[in-house]
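Residue strings, one per chain:
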Amino acid sequence: MVVRVSIVYDSAVPESKNVTVKQIPATLEVVDSHTEGEPTRVVVGGWPELAGLSMAERRAELEATHDHLRRAVVLEPRGHSAVVGALLTPPVEAGSETGVIFFNNVGYLGMCGHGLIGVVRTLEEMGTIGPGKLRIDTPVGTVGAELAGDGAVTMENVPCYAHALDVELEVAGRGKVVGDVAWGGNWFFLTRLPGEPLELSNLDRLLALTKSIRRATDAAGLVPAGEGEIDHIEIFAPPTRADANSRNFVLCPGGEYDRSPCGTGTSAKLAVLHARGELELDKLWHQESITGSLFTGWLSRVEDRLIPHIRGRAFVTSHSTLHFHPDDPFRGGFGTS
């Protein structure tokens, strides 16, 4: 039997885009988790209900009229720049359990693999679901997930594909960089940087280089017109774990790095490997993150579409009530926005 997600919404919907911090509810209920090290904050109560017949329309409304709540939830002092927020909504497709919109310190995501895994574990924590399969609506399409009895979650992502291989860029501070452009639910530029250790001790250098690469991809206009931009940069190197195929470092849109192996980034990597003839359908790929955590991924085919499957673990870390005192000068958050 399907049990629908029941979210408690705030009834006071802001009337215009020009909202003030006074329109932030007194409290919001959230459940925090991490997926292989990367944090997710799921809003489960207090948010104004969104209109819109599709998840894309709801995301647009959220951005236009409720962006002050995104800032309040994920920015300091209640959050930090690595937190990915997830707002649950009623589903839009028959048979789906819930809808979800992902957001971070600078805006909104089409999909978020680690966040989707975190949402599934949060639904289990709330008593909404048990082990088994479910469908979740996102702004880029409906995705599948399966919660195993041991707590592992397998995500069936939106179709992935390699858009362009062996693209050359001239990158400030590095020179010529060759990489691939692929879609895994978000747009990625994937490359290798020989001589740059993918270690946390080299974090400042990796952040500087990947930000330079992203500026170069912005200038080059590498994605189809009208389909957004490359907002993730992914670097690969040999693994440090015996059970992994490669290690990665992923720059996220807000300038932070992904602590997990990145679900949409692993999906994009699978698409590139398949396009190069290096990964067969249903063959497992083990992706290590810069923190040493692991996702397992594989591809299946449905008609002419490549479907990535990503398996990982998430752990609930807290149930919280976020308080927004009317006299708090930082109730609306501060930092990158």
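What you see is a predicted model, and the numbers here were worked out from it, not measured in a lab.

The rules we used
Residues numbered from 1 in each chain as written. Predicted model: local features only at pLDDT ≥ 70, side-chain atom pairs only at ≥ 80, totals over all residues. Heavy atoms only, no water. Helix = DSSP H or I, 4+ residues; strand = E, 2+ residues; numbered from the N terminus. Polar contact = N/O pair within 3.5 Å; in protein donor to acceptor, adjacent residues only side chain to side chain. Contact = heavy atoms within 4.5 Å. 1 Å grid on protein atoms, 1.4 Å probe; cavity = no way out; pocket = protein on both sides within 12 Å on 5 of 7 lines; lining within 4 Å. Points joined across faces, edges and corners; volume = space filled by probe spheres on them. Nonpolar A, V, L, I, M, F, W, Y, C, P; charged D, E, K, R; others polar.

(A) Quick look at the side chain of T138. When you line up the elements, T138 lands in strand β7 (residues 132–138). A polar contact of 2.7 Å, which involves the side chain of T138, links it to the backbone oxygen of G141. Ignoring any residue separated from it by four or fewer positions in sequence, one finds T138 in contact with M55, V100, G110, M111 and V143.

(B) A look at empty space enclosed by the protein. Throughout the structure, instances matching the rule amount to two cavities of 30 Å³ or more. Looking at the largest cavity, its volume works out to about 100 Å³. Along the wall of the largest cavity there are 16 residues; nearest its centre are L109, C112, H114, H232 and D258. Residue assignment for the lining of the largest cavity shows that the elements contributing at least two residues are α3 (113–125) and α5 (263–275). Split into classes, the residues belonging to the lining of the largest cavity amount to seven nonpolar, seven polar and two charged.

(C) Spotlight on unusual backbone geometry. For the bond running from E76 to P77, omega is 10 degrees, close enough to zero to count as cis. Note on placement: P77 falls in the loop between α2 (67–74) and β4 (84–89). For E303, which is not glycine, the phi torsion reads 55 degrees and is therefore positive. Its place among the elements puts E303 in the loop between β16 (294–302) and β17 (305–312).

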